[in-house]
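# Structural characterization, general
Spelled out, the chains give:
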Amino acid sequence: MKISKLLVLALVAAMGIVVFLPKDTMAEEDLLAGIRATCLGDVLDDCRVISAGYLNKDDGSFDIAFQTQGGSTVDDGSIGNIELYHYDDGVWVKLAEAHEAYRYSVPEITYDGLLHVEGYSNGTASLNADLLFNSEEGKPGWHPVDIETWHNTIDEKLPAGLGIWKGVKYNFSDWEHGISAKTPLWQDSDANCCASGGEATIVFEIVDQVLVVTNVIYTAPKKAN
């Protein structure tokens, strides 16, 4: 099994996330033969397949193939990796490869056409290592969405003295808000384990391939009886 190395690499959002442009391809029979048991790519040492499978279009035709992996690297120690492929005109085109998360969840395609992969970093902070792609009318394939930049300005949208210290829980199928995330809020005096500042629901929309905060709904902590 050989993957072409004639490609242009675009680093997206954080180290370890690579989107392959325009094509890093694999013949259909090669991918089908190895995806369940043999690690695709060569990112991890001692690599093992955690999960693998396909997400098909509504008509049953191929769309996304994925493989989540566990293993290690010299720099990261124990770490996960995900390989994503998109089916295009008879071949599988590598969409992304990422190894920022300790483990990646099985990808999902939402009802309004977003491809989401949930992931959290190792350690007590459990920071987000999610991947998000959308499909646009008139533009075939899947396109990466920046879901990191909003962190840079979120503090100014929160109540004074409160902050987000860990990864948020995204919901890309929120029937009320469309796209949202929930998170506890920490006060400066809190221990890392124990947020006491209430909770925030962060509402987003995608603007020019960037996840943008449109509203923050604050829920104060419950008062002790």
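Details of the structure are given in the entry above.
No experiment lies behind these values; they were computed from the predicted model shown.

What counts, and where the lines are drawn
- Residues numbered from 1 in each chain as written.
- Predicted model: local features only at pLDDT ≥ 70, side-chain atom pairs only at ≥ 80, totals over all residues.
- Heavy atoms only, no water.
- Helix = DSSP H or I, 4+ residues; strand = E, 2+ residues; numbered from the N terminus.
- Buried < 20%, exposed > 50% of the residue type's maximum accessible area, 1.4 Å probe, protein only.
- Areas by Shrake-Rupley, 256 points an atom, 1.4 Å probe, with all protein chains shown as cover.
- Pairing = 2+ DSSP bridges.
- Core = buried A, V, L, I, M, F, W, Y, C linked by side-chain atoms within 4.5 Å.
- Axes fitted to C-alpha atoms, helices over the stretch in contact; angles between N-to-C directions.
- Disulfide = S-S within 2.5 Å.

### A few points about the overall build of the protein
Along the backbone of the protein there are one helix and 19 strands. Looking at the protein as a whole, 43% of its 225 residues qualify as buried. When the accessible surface of the protein is totalled, it reaches about 12,000 Å², and 51% of it is carbon and sulfur.

### Things to note about the pairing of strand 12 (residues 131–136)
Pairing of strand 10 (residues 114–117) with strand 12, which is carried by four bridges, proceeds in the antiparallel orientation. Each residue of the ladder has a partner; that of His116, found in strand 12, is Leu132. Relative to strand 13 (residues 139–144), strand 12 runs antiparallel, the two sharing three bridges. Bridge pairing links Glu136 to Lys139 in strand 13.

### So, the nonpolar core
Within the largest apolar cluster, 21 residues are counted, with the highest numbers of intra-cluster contacts made by Trp150, Ile154, Tyr170, Ile202, Phe204 and Leu211. Breaking this core down by element, the ones donating at least two residues are strand 15 (169–174), strand 16 (178–184), strand 18 (199–207) and strand 19 (210–219). Core analysis: the next-biggest nonpolar cluster, separate from the first, contains 16 residues, Leu55, Ile82, Leu131 and Phe133 among them.

### As for the sheet that holds strand 18
To summarise the sheet geometry, strands pair through backbone hydrogen bonds and adopt either a parallel or an antiparallel arrangement. Strand order in the open sheet formed by four strands is 15-16-18-19, with antiparallel pairing between adjacent strands. A strand with exactly one partner marks an edge of an open sheet, and here the two such strands are strand 15 and strand 19. Taking each pair of neighbouring strands and ignoring which way they run, the sheet shows an average axis angle of 25°. Bridging between strand 16 and strand 18 involves six bridges; their strand directions are antiparallel.

### Remarks on the environment of Lys222
Mapped onto the elements, Lys222 comes out in the segment after strand 19. In this structure the C-alpha to C-alpha distance between Lys222 and Ser196, which are 26 residues apart in sequence, comes to 9.4 Å.

### Some remarks on the state of the cysteines
In this structure the tally under the stated criterion is two disulfides. Disulfide pairing places Cys39 opposite Cys47 at an S-S distance of 2.0 Å. Handedness of the Cys39-Cys47 disulfide follows from its S-S torsion of about -90°: it is left-handed. The exposure class assigned to Cys47 is partly exposed, which follows from its relative accessible area of 27%.

### Here we look at the sheet that holds strand 12
In spatial order, the strands read 9-10-12-13; together these four strands make up an open sheet with antiparallel pairing. Edge strands, defined here as strands with exactly one partner in the open sheet, are strand 9 (108–109) and strand 13.

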